[in-house]
Amino acid sequence: MVRIGTLPMRLLALDYGADIVYCEELIDWKLLRSERRENPVLGTVDFVDKTDGTIVFRTCSREKRHVVFQLGTCDPQRALKVAKLVENDVAAIDVNMGCPKEFSVKGGMGSALLTQPQKAFEILKTLVEGVCIPVTCKIRILPDLDNTLALCKFLESSGIIALTVHGRTKEERPQHPNHNDFIKAVSESVSIPVIANGGSKEIEKYEDIGKFCEETKCTSVMLARAAQWNCSIFRKDGLLPLDEVISSYLRYSVDYDNSPANTKYCIQNMLKELQETPRGKKFLEAQTLQQMCALWNLSEYCYKKQLEFKEKGLLGRHTVVPSSFEPPSKKRKLGEESETDDIIEMKCAFYRNLYASDVELPKTRLLTWARNKGLKHPVYVTQQEDKLFRSIVTLDGKKYTSSFWEKNKRRAEQGAALVCLCALGVVDINTVNDAVL
Ligand SMILES: Cc1cc2nc3c(=O)[nH]c(=O)nc-3n(C[C@H](O)[C@H](O)[C@H](O)COP(=O)(O)O)c2cc1C
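Every value quoted in this text rests on a predicted model; they were computed, and no experiment measured them.

Is there a simple way to explain the packing of helix α7 (residues 180-189) against helix α8 (residues 206-216) in this structure?
In helix packing, the relevant descriptors are the interaxial angle and the interaxial distance, both defined with respect to the helix axes. Put simply, α7 and α8 touch, their axes get as near as 7 Å, and they point 65° apart. Within the contact between the two elements, α7 uses Asn-180, Ile-183, Lys-184 and Ser-187 and α8 uses Phe-212, Glu-215 and Thr-216. For the contact of α7 with α8, the per-class residue count stands at two nonpolar, three polar and two charged.

Put into structure tokens, the structure is as follows:
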């Protein structure tokens, strides 16, 4: 699932009993822009966008035999190139032919392929012949059963080893009933295993998975929303309380340096209406993994892990370790400076509500300080990644930045100014970190 099926959620699903996990659908050209890098600090393999450094796909050995790489594509050769790039790190390749989103359909991907069976077949056949791992595909049903069966048989003849069927047409939405009878008919008419999908609304406990299997005459079930809401749905011994699931999810997010924005999105989908509770509201304010962890009593866990990563050379938040990884010999404590590419980076975040209305904010304070010292005005350069921002301020030839990424440029600049003030000794770092941690 897009934005849900990232590494922490996949590992959690495996812990709870899922046999196979899928990454979020990844579009071929995004992968083609990326390069494979081993990340020795986290023990992961990262596919990193060469143009902006974002991590497109992160995986690890724990899931290697279970993770299916789901591809969005409309081109056999592009699909093959991507599959070759990842084939040694994943268990199988799946082509998504069910996505009804405008973005996919306009690009000739997803459910657009349902009406272009020849192209769909070519993509699958090219993959089957070109990679050494299994190939599968996921479809939605067509409005007519006979056409659905004909399509499935045709796709089966490409050599795929399994087929996932979501029992809704591309026009139908989640509130429409799932056509379990169509899935059953497909399962009875092809010889490869069919994975039934679309049953989450009726799946509230583990036993319901069996009922869905029974109704669709399938031996496997793919759960999307049910797992997104409470991933412990895969547990034979029953659902766990949400707090326990969130805590485990957060631990994995910390362990694998998952992006705070992605972590927040996934937890929001678990909390749903609980976002209205006092803790839920505090959670919505949180921007860093530390802040999120604090709400589930995991501050210390997060603090220690992040410190450990930093000591091993992981640069800041879900950051890419350079290909020439070299752990720094000098160990640092929280709040101490790290000099990376001559940038002084400190763990100190800007909190607007710590400043009364008559108190100067860090940027103004830094400007005043610089003027009084006869220095040139500070200059800010801001980077954006996902929906987060980091600013680097240059003052007197030195660069300063915060390891906390902010949700807008203004706050990122304030954060950088604060680091500069702390590094210069104008502000006491301890007063800032006391407030953060
Ligand atoms: C937020 C969200 C993201 C999704 N992303 C994907 C995706 O990346 N690939 C895919 O095949 N289906 C995706 N789907 C569709 C689901 O996999 C699934 O087909 C659908 O939700 C019906 O199954 P369910 O009843 O178990 O939720 C997504 C659905 C949602 C709600």
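Just checking my understanding: could you explain the nonpolar core for this structure?
Soluble, globular proteins show a tendency: their nonpolar side chains are buried together. Ranked by internal contacts, the top residues of the largest apolar core, which has 92 residues, are Phe-69, Met-97 and Ile-139. Composition of this core by domain shows at least three residues from each of domain 1 (7-233) and domain 2 (244-311). Look past the residues within four positions of Met-97 in its chain and what remains in contact with it is Gly-110, Ser-111, Leu-113, Leu-114, Ala-120, Leu-124, Cys-137, Lys-138, Ile-139, Arg-140 and Leu-155. Grouped together as the second largest cluster of nonpolar side chains are 21 residues, Met-346, Tyr-400, Cys-420 and Val-427 included.

Looking at this structure, how should I read α8?
Those residues of α8 not exposed but buried are Asp-208, Ile-209, Phe-212, Cys-213 and Thr-216. Across the axial projection of α8, the buried residues extend over an arc of 150°, all falling on one side. Exposed side chains of α8 directed beyond 90 degrees from the buried face belong to Lys-211 and Glu-214. Looking at the buried positions of α8, the neighbouring elements they touch are α7, β10 (194-197) and β11 (220-222). Where α8 ends, the next residue or the one after it, Lys-217, has phi of about 55°, a positive value.

I would appreciate a short explanation of the site of the ligand in the present structure.
Around the ligand sit 15 residues, and of these Gln-70, Lys-138, Asn-197, Ser-200 and Arg-225 come closest. Here a nitrogen atom of the ligand sits 2.7 Å away from a polar atom, N or O, in the side chain of Gln-70. In the environment of the ligand, an oxygen atom lies 2.6 Å from a nitrogen or oxygen atom belonging to the side chain of Asn-197. The residue makeup of the shell around the ligand, split by class, is five nonpolar, seven polar and three charged.

Is there a simple way to think about the environment of Phe-212 in this case?
Considering the arrangement of structural elements, one finds Phe-212 in helix α8. In the structure, Phe-212 is positioned 10 residues away from Glu-202 in sequence and 8.3 Å away in space, judged by C-alpha atoms. Those residues in contact with Phe-212 that lie beyond four places of it in its chain are Asn-178, Asn-180, Ile-183, Ala-196, Asn-197, Gly-198, Gly-199, Ile-203 and Val-221.

Hey, could you run me through the packing of aromatic side chains in this one?
By the definition in use, this model includes six aromatic pairs. Aromatic side chains Phe-121 and Phe-154 sit 4.7 Å apart centroid to centroid with 10° between the ring planes, which places their arrangement in the stacked category. In this pair, Phe-121 sits in helix α5 (residues 117-130) while Phe-154 sits in helix α6 (residues 145-156), placing the two residues 33 residues apart along the sequence. Judged by its relative accessible area of 28%, Phe-154 falls in the partly exposed class. Among the aromatic side chains, those forming a connected cluster through ring pairs are Phe-47, Phe-57 and Phe-69. Here the basic side chain of Arg-3 rests over the ring of Tyr-265, its NZ or CZ set 4.2 Å away from the ring centre. The ring of Tyr-380 carries Lys-363 above its face, with NZ or CZ at 4.7 Å from the centroid.

I tried to follow the pairing of strand β8 (residues 135-140) on my own but got confused; where do I start?
Extensive coverage of β8 is indicated by the burial of six of its six residues. Taking every second residue as pointing to the same face, both faces of β8 are buried, with Val-135, Cys-137 and Ile-139 on one and Thr-136, Lys-138 and Arg-140 on the other. Pairing analysis gives five bridges linking strand β7 (residues 92-97) to β8, with the strands arranged parallel. Within β8, the residue paired with Asp-94 across the bridge is Thr-136. Bridge count between β8 and strand β9 (residues 162-166): five bridges; the pairing is parallel. Paired with Arg-140 across the two strands is His-166, which belongs to β9.

Help me understand the pattern of salt bridges in this model?
Any two side chains of opposite charge can pair, given that their charged atoms come close. A full pass over the atoms with the stated rule returns 24 salt bridges. A salt bridge links Asp-243 to Arg-279; the nearest nitrogen and oxygen atoms lie 2.6 Å apart. One end of the pair, Asp-243, is in helix α10 (residues 242-255); the other, Arg-279, is in helix α12 (residues 278-285), and 36 residues separate them in sequence. Judged by relative accessible area, which is 38%, Asp-243 ranks as partly exposed. With its nearest N and O atoms 3.3 Å apart, the salt bridge here joins Arg-390 to Glu-345.

Explain the domain arrangement of the protein chain to me, please; I cannot follow it from the model alone.
One frequent convention defines the size of an interface as the accessible area lost when the parts assemble. By the assigned domains, the protein chain splits into domain 1 (7-233), domain 2 (244-311) and domain 3 (323-436). In this structure, domain 1 and domain 3 have C-alpha centres spaced 43 Å apart.

Would you take a moment to explain the packing of helix α11 (residues 260-271) against α12 for this structure?
Running from N to C, α11 and α12 point in directions that differ by 160°, and their axes come no closer than 11 Å. Comparing their axes, α12 and α11 come out roughly antiparallel. Along this stretch, α11 crosses α12, giving a crossing that reads as left-handed. Touching Lys-264, Ile-267, Gln-268 and Leu-271 of α11 are Phe-283, Leu-284 and Glu-285, all from α12. When grouped by side-chain class, the residues that make up the contact of α11 with α12 number four nonpolar, one polar and two charged.

What am I meant to see in the environment of Glu-285 here?
Take Glu-285: it is sitting in helix α12. Given the relative accessible area of 57%, Glu-285 is considered exposed. Residues Glu-285 and Glu-406 lie 121 residues apart in sequence; the distance between their C-alpha atoms is 11 Å. Setting aside its immediate chain neighbours within four residues, Glu-285 contacts Lys-264 and Gln-291.

Even after reading the chapter, I still don't get the sheet that holds strand β5 (residues 55-60), so can you show me in this structure?
Sheet strands associate in pairs through backbone hydrogen bonding, adopting either a parallel or an antiparallel arrangement. Read from one edge of the open sheet, three strands run β3-β4-β5, paired in antiparallel fashion. Each end of this open sheet is capped by a strand with a single partner; those strands are β3 (34-39) and β5. Across this sheet, the average inter-strand angle for adjacent strands is 20°, counted without regard to direction. Note that β3 and strand β4 (residues 44-49) share six bridges and pair antiparallel. Within β4, the residue paired with Arg-37 across the bridge is Asp-46. Seen against the sheet, helix α1 (residues 7-16) touches β4 and β5 and runs at an angle of roughly 30° to β5.

Criteria and thresholds
Residues numbered from 1 in each chain as written. Predicted model: local features only at pLDDT ≥ 70, side-chain atom pairs only at ≥ 80, totals over all residues. Heavy atoms only, no water. Axes fitted to C-alpha atoms, helices over the stretch in contact; angles between N-to-C directions. Helix = DSSP H or I, 4+ residues; strand = E, 2+ residues; numbered from the N terminus. Contact = heavy atoms within 4.5 Å. Nonpolar A, V, L, I, M, F, W, Y, C, P; charged D, E, K, R; others polar. Core = buried A, V, L, I, M, F, W, Y, C linked by side-chain atoms within 4.5 Å. Buried < 20%, exposed > 50% of the residue type's maximum accessible area, 1.4 Å probe, protein only. Domains from an automatic or database assignment. Arc of directions from axis to C-beta. Near = heavy atom within 4 Å. Polar contact = N/O pair within 3.5 Å; in protein donor to acceptor, adjacent residues only side chain to side chain. Phe/Tyr/Trp six-rings, centres within 6.5 Å; stacked < 30°, edge-to-face > 60°. Lys NZ or Arg CZ within 6 Å of the ring centre and 35° of its normal. Pairing = 2+ DSSP bridges. Salt bridge = Lys/Arg side-chain N within 4 Å of Asp/Glu carboxyl O. Parallel < 35°, antiparallel > 145°, perpendicular 65-115°, else oblique. Left-handed = near helix turned anticlockwise from the far one by under 90°.

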